[in-house]
Amino acid sequence: MIIAPSLLAADFSRLAKETERASKSGAEWLHLDIMDGHFVPNISFGPAVVASLRPLTKMFFDVHLMCSKPEILLEPFAKAGADEIIIHVELGEAVAPLIWKIRSLGKKVGLAVNPPTSIALAQPHLEQIDLLLVMTVNPGFGGQEFIHECLPKIQQAAAWRLEKQLNYRVEVDGGINNQTVAECARAGADTFVSGTTLFGQRNMKAAVARMRKVADAHDAALVDLKV
Ligand code: DX5
Ligand code: ZN
């Protein structure tokens, strides 16, 4: 189980301090939301910001590109210190060459699926990816409400992984709090992005520990064994 605080919910006037706070929280990953004002109706930050935060922590940088033209951003984010780059399946025919390009840069590859998009679109790529991200809100903004209709997609992602004997991670992103983390873990998710719920707490370490405890208690693999 991996907990990934999303920097989108940090205080942007103190990004270095916020990164250090996340780093000391016990979370393994830092989720970095990159928005281009086109693929989603919002703009966040770019490679220069990521590069400036890279020396501050050893956390795994999980870079989520919500961008219409990720091809122009892969090298800059790889150089900035991304460990994984996530692109969206909604980009259609561009997806296969983008996956290849990310891999050729020596980075892990993630593929994201928006709430209205069928998870079936991700199926042809499963053997080439390290992580499948099931979006549980429509991307663009933090602090939105979890969309419960996405839960069957998490189950499908986990079922395919078992059937095909693959080992990509199943990540969820959007509206993850101490209730929805349980539902997602039970459905088969193992990687939990959370912005508002974690950065919103004065004591992020306690918030991460609490979220991890709930995720562990509802771990689909262990729940199955108990039945
Ligand atoms: C949404 C982003 C998320 C966002 C989640 O577009 O992809 O990573 O930061 O924020 P919360 O946890 O506040 O829903
Ligand atoms: Zn994200």
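Anyway, here's the lowdown on the structure attached to this text. (Residues numbered from 1 in each chain as written. Chains lettered and ligands numbered in written order. Predicted model: local features only at pLDDT ≥ 70, side-chain atom pairs only at ≥ 80, totals over all residues. Heavy atoms only, no water.)

### Here's the deal with the site of ligand 1
Next, step 1: For ligand 1, the set of nearby residues contains 20 residues, the closest of which are Asp33, Gly140, Asp173, Gly195 and Thr196.
Next, step 2: Serine 6 is positioned with one of its side-chain polar atoms (N or O) 2.8 Å from an oxygen atom of ligand 1.
Next, step 3: Here aspartate 173 contributes a side-chain N or O atom positioned 2.6 Å from an oxygen atom of ligand 1.
Next, step 4: Those elements that provide at least two residues to the shell around ligand 1 are strand E2 (29-35), strand E3 (60-66) and strand E8 (191-194).
Next, step 5: Of the residues that constitute the shell around ligand 1, the class distribution is seven nonpolar, eleven polar and two charged. (Near = heavy atom within 4 Å. Polar contact = N/O pair within 3.5 Å; in protein donor to acceptor, adjacent residues only side chain to side chain. Helix = DSSP H or I, 4+ residues; strand = E, 2+ residues; numbered from the N terminus. Nonpolar A, V, L, I, M, F, W, Y, C, P; charged D, E, K, R; others polar.)

### Describing the pairing of strand E5 (residues 108-113)
Next, step 1: Counting buried residues along E5, five of its six residues qualify, which places the element largely inside the surrounding structure.
Next, step 2: Sheet analysis places strand E4 (residues 84-88) next to E5, joined by five bridges and oriented parallel. The partner of isoleucine 85 across the bridge, within E5, is valine 109.
Next, step 3: Crossover E4 to E5 through helix H4 (residues 95-104) is right-handed. (Buried < 20%, exposed > 50% of the residue type's maximum accessible area, 1.4 Å probe, protein only. Pairing = 2+ DSSP bridges. Right-handed = clockwise from strand over helix to strand, strands pointing away.)

### Topic: the side chain of aspartate 33
Next, step 1: Note that aspartate 33 resides in strand E2.
Next, step 2: For the buried residue aspartate 33, which engages in no salt bridge, the nearest side chain bearing the opposite charge is arginine 21, 14 Å off.
Next, step 3: If sequence neighbours within four positions are ignored, aspartate 33 has contacts with Ser6, Leu8, Ser44, Phe45, His64, Met66 and Asp173. (Lys, Arg positive; Asp, Glu negative; His and termini not counted. Salt bridge = Lys/Arg side-chain N within 4 Å of Asp/Glu carboxyl O. Contact = heavy atoms within 4.5 Å.)

### Digging into the sheet that holds E4
Next, step 1: Read from one edge to the other, the open sheet built from eight strands follows the order E1-E8-E7-E6-E5-E4-E3-E2, with strand pairing classed as parallel. Pairing within the sheet leaves two strands with one partner each, and these edge strands are strand E1 (2-5) and E2. Each strand axis lies, on average, 25° off the axis of its neighbour in the sheet, ignoring direction.
Next, step 2: Of the strand pairs in this sheet, E3 and E4 are connected by three bridges, and their pairing is parallel. Bridge pairing in E4 links aspartate 62 to glutamate 84.
Next, step 3: Of the strands in this sheet, E1 and E8 touch helix H8 (residues 204-217), which is tilted by about 140° from E1. (Axes fitted to C-alpha atoms, helices over the stretch in contact; angles between N-to-C directions.)

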